[in-house]
Structures are given as structure tokens and as C-alpha cells.
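# Summary of structural features
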Amino acid sequence: MAFGYPVLLELAGRRAVVVGELAVAAGKVEGLLAAGAAVTVVAPGPAAVLERLEAEPGVTVRRRAYRRGDLAGAFLCVAGSADPAVRAAVAAEARAGGVLVNVMDDVPNCDFAAPAVVRRGDLVVAVGTGGRAPALARRLRAELEGRFGPEWAELVDLVGEVRAATLGDLPDLEERARRWRAALDLAELERLVRAGRRDLAARRLRARLRPAGEPAPVGREAV
């Protein structure tokens, strides 16, 4: 299976290069910016998109065609070109320099596949098809966007805060994992967060994580 090992990369503060009009028009710059990368764009167009990107913090725009050496110092490159020679040249430079490369619609010149992504704060849901069916990945992304609404960004923050606050109470890794499996009622958390009852959601989650022997909260909270 092509691209069979899924991974999420840390791009904050790292340099990424986007090469070619096709990659720019496909929104590859915006995706990298959302991941925290500092992005250099090498493309003669589209003019309107480049003009907007030039105003973005963290973006450097070079309005010209790709030249060998453009990937120096990069961690990652995404490229798109109708010219097979350009695609091959970008991939060759990337691999010679240890730069991860994705050349759009050119699987042999890719080290990784760019999945269809749904972002809700720190929640990232990615769909890949090994490069075989991008239209299917986009369709599934649209369905997932409906399933995971904007409240999931807050839900992830809530769970992360509760986890950080209870780490000291649950030092044993296996016991911690067991309690979290039992405590996570996603339907309840989603319902309460959507209703604006974030504090109640956090209290209930913490109560279910309570180590054995710790006294239960006094009183009963209203639903």
C-alpha cells in the first residue's frame, strides 16, 4: 500500500517551500501556514492569490519559475507542475537535500501523501487513499466536517485541560489509560459543550477519573 504509515508532522518554525502555480491554486500554502510553517512560495501566479499571500505573516513570495537551489534549508516541499521535467527536478533536489517532498498527482515523486483534512482547533482528522482516489478523500472530508462541528475545538481543549490537571493523581500509565477509557463519554461532552456548559462537562469528566478512595463531590449537579 502506498503511503501506508500515517504521521502528523511538527512544522512550527520550520521552512516549507511551495513550488508552482498548480500548488498555489490548490491551497497548499494555506494548509502549511495552518500547521505553523514558514512558507516560501516559488511561482509566477496566480497573481491574485500571490498578492494576498504576500500580506500574510510568515510567507515569502518569489514570483518566478522554480530554479535549482530553491529548496535549500527547507524541511518540506509541495510542488505542482504540468511539466514532467520540473516535477522530476524538484523531487531530485528535495531528495538530494533530505527535504520531504510531495509532487501533486505524481506518486513516484512523492515521499508523502497530503490527506484531505478537517481541522477543529487541535483536532486534526485526516483521510487518505494512498494517492489512488483523491475525490473520494474529499467526499469523506465533507462528511466529517458535518460530523465534527466547531464545538470540537473547545471539546479538545477541555479534555486536554482535564488531562493536565489529573496527571498527578494518576501516575500509573496503565491505570490512567483504563480510567480514561471508562470516563470519556463523548456524546455527553459534545452535548454539554454545544449547550455552553463547558464547566459542567469538565467537572463530570474529572469526577469519573477520580482515583479510588477519593471522596465524591457533595450534592448533585443539574443536567
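Here the structure is a predicted model, which is why all the values come from computation and not from measurement.

What follows covers the overall build of the protein chain. What the protein chain contains, in helices and strands, is nine helices and seven strands. The C-alpha atoms of the protein chain give 22 Å as radius of gyration, which overshoots the globular expectation for 223 residues (17 Å, by more than 25%). Across its three principal directions, the C-alpha atoms of the protein chain cover 70 × 35 × 30 Å. Buried residues in the protein chain amount to 35% of all 223 residues.

On a regular strand, one side chain projects to one face of the sheet and the next to the other, so that they alternate. Of the two faces of strand β3 (residues 59-62), the one holding Val59 and Val61 is buried and the one holding Thr60 and Arg62 is not buried anywhere. Here strand β2 (residues 38-42) pairs with β3 via four bridges, running parallel. Note that in β3 the partner of Thr40 across the bridge is Thr60. In terms of handedness, the path from β2 via helix α3 (residues 47-54) over to β3 forms a crossover that is right-handed.

Both the distance between ring centres and the angle between the ring planes are used here to describe each pair of aromatic rings. Applying the stated criterion across every chain yields a total of one aromatic pair. When the centroid spacing of 4.9 Å and the interplanar angle of 80° are considered together, the rings of Phe148 and Trp152 count as edge-to-face. One Lys or Arg, Arg147, reaches over the ring of Phe148 and ends 5.0 Å from the middle of that ring.

Leu158, Val159, Val162, Trp180, Leu189, Leu205 and Leu209 are the most contacted members of the largest nonpolar core, which totals 20 residues. Listed by contribution, the elements that provide at least two residues to this core are β7 (123-127), α6 (151-166), α7 (173-183), α8 (186-194) and α9 (198-208). The element best represented in this core is α6, accounting for five residues. Beyond its immediate chain neighbours, meaning those up to four positions away, Leu205 contacts Leu158, Val159, Val162, Trp180, Ala183 and Leu184. Ala16, Ala23, Val49 and Phe112 belong to the second largest nonpolar core, which has 19 residues in total.

In this model, Gly45 is joined to Pro46 through a cis peptide bond whose omega is -5°. Locating Pro46 in the fold gives a position in the loop between β2 and α3. For Phe3, which is not glycine, the phi dihedral falls at a positive 55°. With respect to the helices and strands, Phe3 occurs in the segment before β1 (15-19). One non-glycine residue, Asp105, adopts positive backbone phi at about 55°. Counting through the fold element by element, Asp105 comes out in the loop between β5 (100-103) and β6 (116-120).

A few words on the confidence of the model for the protein chain. The predicted model of the protein chain averages 93 in pLDDT, with 94% of residues at 70 or higher. Predicted confidence for residues 217-223 stays below pLDDT 50, and this span has ten contacts to residues more than four positions away or in other chains.

When strand β4 (residues 76-79) meets β5, the two strands line up parallel, connected through four bridges. In the sheet register, Ala79 faces β5, and the bridge partner there is Val103.

For the rest of this paragraph, the subject is the packing of α6 against α8. Following both chains from N to C, one finds α6 and α8 inclined at 115°, their axes separated by 10 Å at the closest point. Crossing handedness for the pair α6 and α8: right-handed. Residues Glu151, Trp152, Glu154, Leu155, Leu158 and Val159 of α6 form the contact with α8, whose own contacting residues are Leu186, Leu189, Glu190, Val193 and Arg194. When the residues that make up the contact of α6 with α8 are grouped by side-chain class, the tally is seven nonpolar, no polar and four charged.

Below, the discussion takes up the side chain of Arg87. Looking at the element boundaries, Arg87 is found in helix α4 (residues 84-96). If near-sequence neighbours (up to four positions away) are discounted, Arg87 is found in contact with Ser81, Ala82, Val103, Met104, Asp106 and Asn109.

Here we come to the environment of Ala133. Checked against the element boundaries, Ala133 lands in the loop between β7 and α5 (134-147). Taking the C-alpha atoms as reference points, Ala133 and Gly58, 75 residues apart in sequence, are found 32 Å from one another.

On to the environment of Ala96, then. On the secondary structure map, Ala96 appears in helix α4. Remark: the alpha-carbon pair of Ala96 and Pro108, spanning twelve residues in sequence, is separated by 15 Å.

The rules behind each value
- Residues numbered from 1 in each chain as written.
- Predicted model: local features only at pLDDT ≥ 70, side-chain atom pairs only at ≥ 80, totals over all residues.
- Heavy atoms only, no water.
- Helix = DSSP H or I, 4+ residues; strand = E, 2+ residues; numbered from the N terminus.
- Rg over C-alpha atoms; globule rule 2.2 N^0.38 Å.
- Buried < 20%, exposed > 50% of the residue type's maximum accessible area, 1.4 Å probe, protein only.
- Pairing = 2+ DSSP bridges.
- Right-handed = clockwise from strand over helix to strand, strands pointing away.
- Phe/Tyr/Trp six-rings, centres within 6.5 Å; stacked < 30°, edge-to-face > 60°.
- Lys NZ or Arg CZ within 6 Å of the ring centre and 35° of its normal.
- Core = buried A, V, L, I, M, F, W, Y, C linked by side-chain atoms within 4.5 Å.
- Contact = heavy atoms within 4.5 Å.
- pLDDT = per-residue confidence, 0-100.
- Axes fitted to C-alpha atoms, helices over the stretch in contact; angles between N-to-C directions.
- Left-handed = near helix turned anticlockwise from the far one by under 90°.
- Nonpolar A, V, L, I, M, F, W, Y, C, P; charged D, E, K, R; others polar.

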